[in-house]
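Coordinates in review
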Amino acid sequence: MAGPGESSESRWRIWVSAIRVRTLPAAVAPVLVGSALAWHDGAFQPAPAALCLGFALLIQVGTNFANDYFDYRKGADGPNRVGPRRVVAAGLVAPGVMKGAMAGVFAAAFLLGLGLLPWGGPPLLVIGVASVLCGLAYTGGPWPLGYHGLGDVFVFIFFGLVAVVTTHALQAGAVSAAAFAVAVPVGLLAANILVVNNYRDVEGDARAGKRTLVVRFGRDFAQAQYGCSLATALLIPAALAARWRQPGLLLPLLVTPWAWGQFRRLHPGAGAPALIALLGDTGKLLAIYALLLAAGLMLA
């Protein structure tokens, strides 16, 4: 039987919906690329790589739970929502239950992150605490990042630069410029998932006072941001392949036709179903891109 605030729908299906599987490539991709670079450097270590993956996934899920809970509390997710359902707003999970789940997932992420201390030492505590706090502050707290147009920056930094560079450094024993170079496209493509999400929700976000970049600057800006991120993500491996004389790094360019098709699908005439499909495809593009970039690094 369902508990208070929950429907008779399978609890398993409800919580899978709350996890938002389409967003998980944003957690997997940076760890994959960072580990592939460590492999390239002859420094790959499976234990810290696995711990980084688990930590990244838990931070992503915790952020999604926090978004579900805080957007409901702030009125951003209401009956007129056009995107995928949010389980708290839909009455499928009680707010208190989601708040507890959010806290539990973030606590699990922090505890798992402690397992990385033998490789990274006390500085990792700063990264771990910052990751949890920013996951909460994305839509919660007195000055939520997502409500002030900083959600894209959060995703780029934590699911791009921090995740790739830290994953590589923990295995290689040092921070490298190469890690930052391959982290940039991963972060940009991860942020594109948020661009599509906010593009779809622009009217509801504006009503709720959620000042995302799409709300602030309009759909034309969002389309340009999406396209520039795609272009940059394709140009960087080409530049690295030329600079390092490693043709294997050209593998990510195989997604170019798909990327162009996705860019053309993001336009004012696209309805909610089309944008929901594009959201999933944007996550898939990130996953395939990361696989190809990782393969290129390992073959180089």
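Everything below is about the structure shown above.
In this report, we go over the structure that sits alongside the text. (Residues numbered from 1 in each chain as written. Predicted model: local features only at pLDDT ≥ 70, side-chain atom pairs only at ≥ 80, totals over all residues. Heavy atoms only, no water.)

What follows deals with helix H2 (residues 25–40). The end-to-end C-alpha separation of H2 is 22 Å, in line with the 22 Å expected for 16 residues at 1.5 Å each. For H2, a buried count of 12 out of 16 residues is recorded, marking the element as mostly surrounded by other parts of the structure. For H2, the full list of buried residues reads Pro25, Ala26, Ala27, Ala29, Pro30, Val31, Val33, Gly34, Ser35, Ala36, Leu37 and Ala38. Those residues of H2 that are buried are in contact with helix H3 (46–74), helix H7 (151–172), helix H8 (177–200) and helix H13 (272–299). The positive-phi residue at the C-terminal boundary of H2 is glycine 42, with phi of around 70 degrees. (Helix = DSSP H or I, 4+ residues; strand = E, 2+ residues; numbered from the N terminus. Expected span 1.5 Å × (residues − 1). Buried < 20%, exposed > 50% of the residue type's maximum accessible area, 1.4 Å probe, protein only. Contact = heavy atoms within 4.5 Å.)

Their axes nearest at 8 Å, the elements H3 and helix H6 (residues 123–137) cross at an angle of 25 degrees. Relative to H6, H3 is oriented roughly parallel. Considering only the axes of H3 and H6, their crossing is right-handed. Contacts between H3 and H6 involve Phe55, Ile59, Thr63, Ala66 and Phe70 on the former and, on the latter, Gly128, Ser131, Val132, Gly135 and Leu136. Tallied by class, residues from the contact of H3 with H6 come to six nonpolar, four polar and no charged. (Axes fitted to C-alpha atoms, helices over the stretch in contact; angles between N-to-C directions. Parallel < 35°, antiparallel > 145°, perpendicular 65-115°, else oblique. Left-handed = near helix turned anticlockwise from the far one by under 90°. Nonpolar A, V, L, I, M, F, W, Y, C, P; charged D, E, K, R; others polar.)

Let us now look at the layout of surface pockets. Its boundaries defined by the atoms lining it, the second largest pocket holds a volume of some 160 Å³. If you go around the second largest pocket, the residues you meet are Trp119, Gly120, Pro123, Leu124, Ile127, Val165, Thr166, Ala169, Leu170, Gly173, Ala174 and Val175. Contributing elements (two or more residues each) for the lining of the second largest pocket: helix H5 (117–120), H6 and H7. In terms of residue count, the dominant contributor to the lining of the second largest pocket is H7 (four residues). Counted by class, the lining of the second largest pocket contains nine nonpolar, three polar and no charged residues. (1 Å grid on protein atoms, 1.4 Å probe; cavity = no way out; pocket = protein on both sides within 12 Å on 5 of 7 lines; lining within 4 Å. Points joined across faces, edges and corners; volume = space filled by probe spheres on them.)

So, about the environment of valine 88. Within the fold, valine 88 resides in the loop between H3 and helix H4 (95–114). Sequence separation of valine 88 and leucine 234 is 146 residues, and the distance between their C-alpha atoms is 38 Å.

Scope: geometric values only; no functional claims are made or implied.
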